[in-house]
Amino acid sequence: MRNRVANIRDIAKIIGCTLLALSLQTGLAQKKERMRLSTVYTKVMDGPLYLDMQASARVDKTNITIPDAELAVYYEVDGEEFPLGTVVTDAGGKAQLTLKGMDAITPDSTGLYILGAAFAGNDTFGSASSSVEFRDAVLTASLVQKDSLNYIEATLKDKVLDSAIADALIKVQVDRMFKPLIISEEFLMTDESGGITVAIPGDIPGKDGNLAMEVVIEENDSYGNVKAMLDAPVGTPIVQSSTYDQRTLWGRSSRTPLFILFFTGLLVFGSWGLIFYLLFNLYKIAKN
Amino acid sequence: MSKYSQLIKDVGPQKFNRGGMLWMGFLILLIVAGVIAYIDQLIEGQVVTNMRDYVLWGVYISNFVFFVATSFVGAIAVAVLRLTKSEWRRPFVRLAEIVALACIVMAGITIIIDMARPDRMLNLFVHARLQSPITWDVIIIPTFMVVSILLLYFPLLPDLAILRDHYNGTNTRLSKIYGFFALKWQWTQKQLKLQKKSVQLLALMIIPLGLILESIDAYLFSTTYRVGWDSSNFAPYFISGAMVAGLGALVSVVYIVRKNKQLEAYITEYHFDKMGKLFNLACIIYLYFNINEYLIPLFTAKKGESEHLENLLRGDFAILFWTVTIIGLVLPAILLIFKRFRKPKPMFYIAVVVVICSWWKRYLIVTPTLLHPYLPIQGVPESWSHYFPSLHEWVITSATLAMALMIITLLVRYVPVMSIDQLAKDQEASVKSDNKAAA
C-alpha cells in the first residue's frame, strides 16, 4: 500500500514538473516587452488643449522609443471612460491629440479632469495606459507701462474655485525661433493674489518691434502646463536686410546677376551661332 | 581596282566575324536587361534604387561623371594634337572622335536615367536658373554633343564619298546610304575649303567647350559646401582626371580595333609609344592634383573634412580608395615612364585598368561625401546611412556602358577607323617623294 502511495506521489510529481515546465515554456514564448506610456497635458489660454504622449520601453537594458503604436485617448469621469479618439506614435514614439478647448471634456464634481491614453497591446508589447489629472486654471496676462518701463502682469486662478493660486512657479518668456528667451527670474512664484509682474527689457528685437510674449506654468502638480500669450509692441524693430529683390547668385531665375546672364548668353549664343554656321557650311557643301 | 581599294579593305567597314556577332549579342543582352530594369524603375519609382535621404546621387551620377570625363578625349586627341600638328596623332583621331561621341551621348542619357520624373525634363529649361551649375550642365552637354558629332562628321565627308563610289555597282543600298551622308562630296575646291575651315573651327571650339564641360561637371560638386567637394582644386582636378580616363579609353579601343582589323602596319609601336608618353604625362598631372586634393587638406581639415578623409584613407572606402589610387594611377604613372610598358599590349592592359579605376574613382568622388551631411538626417532607418547600388542600378548602369560600347562598335563597323582620304594622300606623297629621290 505504502509503495502504491509512493508511486502515485512520484507520478504526481512528474506530472506536476511537466506541467510547470510546459507553463514556463508557454509563458516564456509569450513574454512581451513592457511599454512605458507617459502623458503630458498643456493648455493654451484662448486656444486648444494638447495631450502629448510618449511610448517607450526598456529592451535589453536599452531605452527605445516605440513608433506606430496606436493609442486610444479618453477622458474619465467618476471611473467611467469616454473616448476622444486614437493617435499613432511617430518614429520618435511621440503622439499628440489636440482638443479645441476645455468644453470637449468634463470634470468630476470636484472640478478634477482626467485625461488618459491606453495601448491595447500587440505581438511585441503588452497593454499599457497612462493618465494625467489636472484642474482647470485661468492664466491672464497683460502689458502695462509704468514710468516709461514696460511690464507683463499676469494672474493665475483656479477656474472652478474662482480663487487665486499662490506660490506657483511661473515664467515669462519671449517666443524665438529655436528656443524661448526667458526674461523672468529663475524661480518666480505667484504671490497671494496669484499675480506676478515682470519688466520687459527694451532691447529685445522683434519684427516691426512686436514681441510674442508667453507666460507659462510648467508641470504644475495640480494644473499641468498652462500658457498665456500676448503680443507686445515694445521690442526693438528688426531692420530687414533682404536680398529677395536683388540680383544674387541665390536669387530666383528672374533675378539672375547680370554678369551671369551676359557670360552665359555669350557662351550659348557664341557656340550655337558657330554651330549654325557649321551647319550652314554643310548645306553649302551639299549644294556645291 | 581604285587607289582606295586596299585602304578600304584595311581600315574601312568590315562585316562582323563570329566574335563580333557574339560581342554584339552580349551587348544587346545587357541593354535589353537595362531597358527592362529602367521601365520597372519608371513604374515603381526610384525606390527600386538604394538612393535614399543620405545618398541622393548614387551610381548613376558616378557613371555620368565617368562618361563626361571620358568624352574629353575628343578635345585632347583631336583638337590639341591637331592644333599642335602632331603627325603621330592620325591613327587615333577618328577613334578618339568616336569614343568622345559615344561617351557624351551616354552622359546625356545617364542623367535622364537619374531623374525620378523624366517626364518633367522640360522643366529644366522652363524653370532654369542660370545661376545653377545644373543649368550650365543642361546647356553644355547638348552643345558638346553637337560639336562632337560635327567634329566626327566633317573629316568623314571625303571617306563617305569614297565608300559611296566604292560600293556603287556592288552594293547599291550601302552606296546610297554613304552617298546620302557624303552630301554630294566631289573634292571640289570650294568643298575642300569649306571642310578645312570648318574642321579648324571645330578644333578650336572643342578645346574651350571640353574645358567648360569638365569644369561645369566639377562645379556641380564644388559649388556646394559639402566635405570632399567644396574645393577650388576641383575643376583642374576633374580636367586632369578626364584626360586620364579619356586616354585610357582611347588606348583600349585603339588596341582592340588594331588587333581585330589587323592594322599593325597603320598603327605602329611608334604611335603607341607617343600616345604612351601623353598618357604618362596625363597620369602624372592627375597624380599631382590628387595630392592637392587629398594630402594637403590633411594638414588643415576641420572636423567634417577630416572625418571624410579618414573614411577614405582608413575607413570603409579605404580598400577601394587605395586600389584606385595605387593600381589605377600611381602604378600606371610609373610604368609608363619605361618604354617597354609603352608597347601596345602592356599599354592596353594598363589602359584597361586605368579605365576601370577611373570609373570607381567617380564612385569615390560622389558617394562618401553624401554619407557625411552637415545637417542631421533624422527619423530614417540606420541602413540609409550606408550605400551600395541595388540590382536595378547595376543592371541599368551596365546597360549604359554597353550602349556606349555598342555605339563605338557600330561606328567602327560602318565608318573607316582612319581617314582613307588622308592615307591615300600620304601614300601619293610618299611615292612622289620616293620617285623624286630616285630621279
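Residues numbered from 1 in each chain as written. Chains lettered and ligands numbered in written order. Predicted model: local features only at pLDDT ≥ 70, side-chain atom pairs only at ≥ 80, totals over all residues.

Peer 1: I would appreciate a short explanation of unusual backbone geometry in the present structure.
Peer 2: Excluding glycine, a negative phi dihedral is what most residues carry, and trans is how most peptide bonds are arranged. Backbone geometry at Asp68(A) places phi at a positive 60°, although glycine is not the residue there. Structurally, the position occupied by Asp68(A) is in the loop between β3 (62-65) and β4 (70-77). For Trp187(B), which is not a glycine, the phi torsion comes out positive at approximately 60°. (Helix = DSSP H or I, 4+ residues; strand = E, 2+ residues; numbered from the N terminus.)

Peer 1: Would you take a moment to explain the nonpolar core for this structure?
Peer 2: One broad trend across soluble globular proteins is that nonpolar side chains are buried collectively. In this structure, Val73(B), Leu95(B), Ala96(B), Val99(B), Leu247(B) and Leu250(B) are the most contacted members of the largest nonpolar core, which totals 123 residues. Per element, the largest residue contribution to this core is 18 residues, and it comes from helix α7 (residues 133-167) of chain B. For Val73(B), the residues in contact, after removing those within four places along its chain, are Ala96(B), Val99(B), Ala100(B), Gly246(B), Leu247(B), Ala249(B) and Leu250(B). Ala95(A), Leu156(A), Leu211(A) and Val216(A) belong to the second largest nonpolar core, which has 45 residues in total. (Core = buried A, V, L, I, M, F, W, Y, C linked by C-beta atoms within 7 Å. Buried ≥ 20, exposed ≤ 12 C-beta atoms within 10 Å, placed from the backbone. Contact = placed C-beta atoms within 7 Å.)

Peer 1: Even after reading the chapter, I still don't get helix α3 (residues 59-71) of chain B, so can you show me in this structure?
Peer 2: In an α-helix, one turn spans 3.6 residues, which is why side chains three or four residues apart end up on the same side. In this model, α3(B) (13 residues) spans 18 Å end to end at C-alpha, consistent with the 18 Å of a helix rising 1.5 Å per residue. Burial within α3(B) is extensive, with 13 of its 13 residues counted as buried. (Expected span 1.5 Å × (residues − 1).)

Peer 1: Honestly, the pairing of strand β9 (residues 137-146) of chain A in this entry has me stumped. Any pointers?
Peer 2: Side chains on a regular strand alternate between the two faces of the sheet. Here ten bridges tie β9(A) to strand β10 (residues 149-158) of chain A, and the two strands are oriented antiparallel to one another. Each residue of the ladder has a partner; that of Lys146(A), found in β10(A), is Leu149(A). (Pairing = 2+ DSSP bridges.)

Peer 1: How should I be thinking about the confidence of the model for chain B in this particular structure?
Peer 2: Do not read the fine detail of predicted coordinates wherever pLDDT is low. Per-residue confidence for chain B averages 93 on the pLDDT scale, and 99% of its residues sit at or above 70. For this predicted complex, the interface score ipTM comes out at 0.91, while the overall pTM is 0.75. (pLDDT = per-residue confidence, 0-100.)

Peer 1: Would you take a moment to explain the interface of chain B and chain A for this structure?
Peer 2: Interface extent is often summarised as the accessible area lost during association of the parts. The interface of chain B with chain A comprises 25 residues on the first partner and 19 residues on the second. When contributions to the side of chain B that touches chain A are tallied by element, the ones reaching two or more residues are α7 and α9 (189-222) of chain B. The biggest single contributor to the side of chain B that touches chain A is α9(B), with nine residues. Classifying every residue of the side of chain B that touches chain A by side-chain character gives 14 nonpolar, eight polar and three charged. (Nonpolar A, V, L, I, M, F, W, Y, C, P; charged D, E, K, R; others polar.)

Peer 1: Can you help me understand the sheet that holds strand β7 (residues 112-119) of chain A in this one?
Peer 2: Pairing between the strands of a sheet is mediated by backbone hydrogen bonds and can be parallel or antiparallel. All names here are of chain A. Strand order across the open sheet formed by four strands is β5-β4-β7-β8, with antiparallel pairing between neighbours. Pairing within the sheet leaves two strands with one partner each, and these edge strands are β5 (80-88) and β8 (128-135). The average angle at which neighbouring strand axes cross in this sheet is 20°, direction not considered. (Axes fitted to C-alpha atoms, helices over the stretch in contact; angles between N-to-C directions.)

Peer 1: Would you mind showing me how to read the pairing of β7(A) here?
Peer 2: Residue and element names in this part refer to chain A. When you tally the buried positions in β7, you get six out of eight residues, the bulk of the element. Pairing analysis gives five bridges linking β4 to β7, with the strands arranged antiparallel. Along β7, the bridge assignment pairs Tyr74 with Gly116. In terms of strand pairing, β7 meets β8 through eight bridges, oriented antiparallel. Paired with Phe119 across the bridge in β8 is Ala128.

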